[in-house]
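Here are the chains, one letter per residue:
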Amino acid sequence: MTFVWPDFLWLLALVPALVLLYFWLLHRRKKNTVRYASLAMVKQAAGKGPGWRRHVPPALMLLAITALLLATARPLAVITLPSQQETIVLAMDVSGSMRATDVHPNRLVASQEAAKAFIKDLPRTVRVGIVSFAGTAAVVQPPTQSREDLFAAIDRFQLQRATAIGSGIVLSLATLFPDAGIDLSQITGARSMPLGPNDSKKKEAPPVPPGSYNSGAIILLTDGQRTTGPDPMDAAKMAADRGVKVYTVGIGTKEGETIGFEGWSMRVRLDEDTLKGIANLTRAEYFYAGTAGDLKKVYESLSTRLVVERKETEISALFAAVAAGLVVIAAGLSVAWFGRVM
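Residues numbered from 1 in each chain as written. Predicted model: local features only at pLDDT ≥ 70, side-chain atom pairs only at ≥ 80, totals over all residues. Heavy atoms only, no water.

## Overview of the pattern of salt bridges
A side chain with one charge can pair with a side chain of the opposite charge if their charged atoms come near. Taken as a whole, this structure holds 5 salt bridges when the rule is applied. The partner of Asp 223 in a salt bridge is Arg 107, and the shortest N-O contact between them spans 2.6 Å. Of this pair, Asp 223 sits in the loop between strand E6 (216–222) and helix H7 (232–241) while Arg 107 sits in helix H4 (residues 107–121), placing them 116 residues apart in sequence. For the pair formed by Asp 223 and Arg 107, the shared burial category is buried. Among the salt bridges present, the one from Lys 116 reaches Glu 113, with a minimum N-O distance of 4.0 Å. Here Glu 113 and Lys 116 lie together in helix H4, a separation of 3 residues that amounts to about one turn. Ionic contacts of the salt-bridge type, sharing partners, join the residues Glu 113, Lys 116 and Asp 155 into one network. (Salt bridge = Lys/Arg side-chain N within 4 Å of Asp/Glu carboxyl O. Helix = DSSP H or I, 4+ residues; strand = E, 2+ residues; numbered from the N terminus. Buried < 20%, exposed > 50% of the residue type's maximum accessible area, 1.4 Å probe, protein only.)

Okay, here's the thing in structure tokens:
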């Protein structure tokens, strides 16, 4: 635990001073009692003394004062809180390699089922958008809270040639920031095109710290390596400059394999280095899913990360609430036991 105003912690020196004051008052009261002609007569008239109970209310009050003094220093603690995520964009690979059967029943179906389960477990307040990418990228479902529309969009996936990972990231960013003026001309064709430093320069906001955007995130799933479109790392830099985290999920065989598609064959290999680089650059995480079961676990893990988050939060109000509770308990016990408040 840390403090925003640590200089105020010196006030805790008052606590031992209060303890000494309490014992001084007890000693003074004892001396005054001894002045009676017969102490035994006084005890007999008063009946059995309060014993240990006399110290409980003052002890609770002392704890309450300590809690209030700590609250004055504005304590900070890392705690788990509900996430502020409002929009999540799923960018999903629909290239021909997704028909490979190394993930049962095949990569595409496994990713569709896992994505549906992921969406189902999200709070209804979270909006989800879906972007598919192969040689180009397309928004198959703008962000919505309708789970039925999202499931229908996922079921409409159609396999295409090539893999433009960068296009998927750029279009996902444009989906998160529809008014940011992100240049989409670079992803309309199937040719390789680096992202120029002056693209949409007039409309772009100043860069923010990577991972600092808390109102949205991108989840990128792919089983191959980029064959066309913008460089994925350039696209990731665009996301990082906007503070957007891009969680990457690699599905399929790490070693690669040759698969057939509409009369032609191709060699596909998962580019883990690029996916890890995208995640690291945007302050997110990379996950590998070699089986359908792994993929479901990945989405479950992502759901947990996006629904709750651990962050440093001021807990002064908590200390103040504890202090108030202790005061109420101390006063209640004092009234119940001695018929007076303290």
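Past the structure itself, the notes keep going.
## Remarks on the pairing of strand E3 (residues 87–93)
Of all 7 residues making up E3, 7 are buried, and the element is well covered by its neighbours. Two strands pair when backbone bridges link them, and E3 and strand E4 (residues 127–133) are joined in this way by 7 bridges, in the parallel orientation. Its bridge partner being in E4, Leu 90 is matched across the sheet by Ile 130. Relative to E6, E3 runs parallel, the two being bridged by 6 bridges. In the strand pairing of E6, Ala 91 is matched with Leu 220. (Pairing = 2+ DSSP bridges.)

## Points about the side chain of Ser 172
One can find Ser 172 in helix H6 (residues 165–176). With a relative accessible area of 0%, Ser 172 lands in the buried category. Polar contacts involving the side chain of Ser 172 include one to the main-chain carbonyl oxygen of Gly 168, which spans 2.7 Å. (Polar contact = N/O pair within 3.5 Å; in protein donor to acceptor, adjacent residues only side chain to side chain.)

## Some thoughts on the environment of Ala 117
Mapping Ala 117 onto the fold places it in helix H4. Using a relative accessible area of 36% as the deciding quantity, one classes Ala 117 as partly exposed. Separated by 34 residues in sequence, Ala 117 and Phe 151 have C-alpha atoms that sit 9.7 Å apart.

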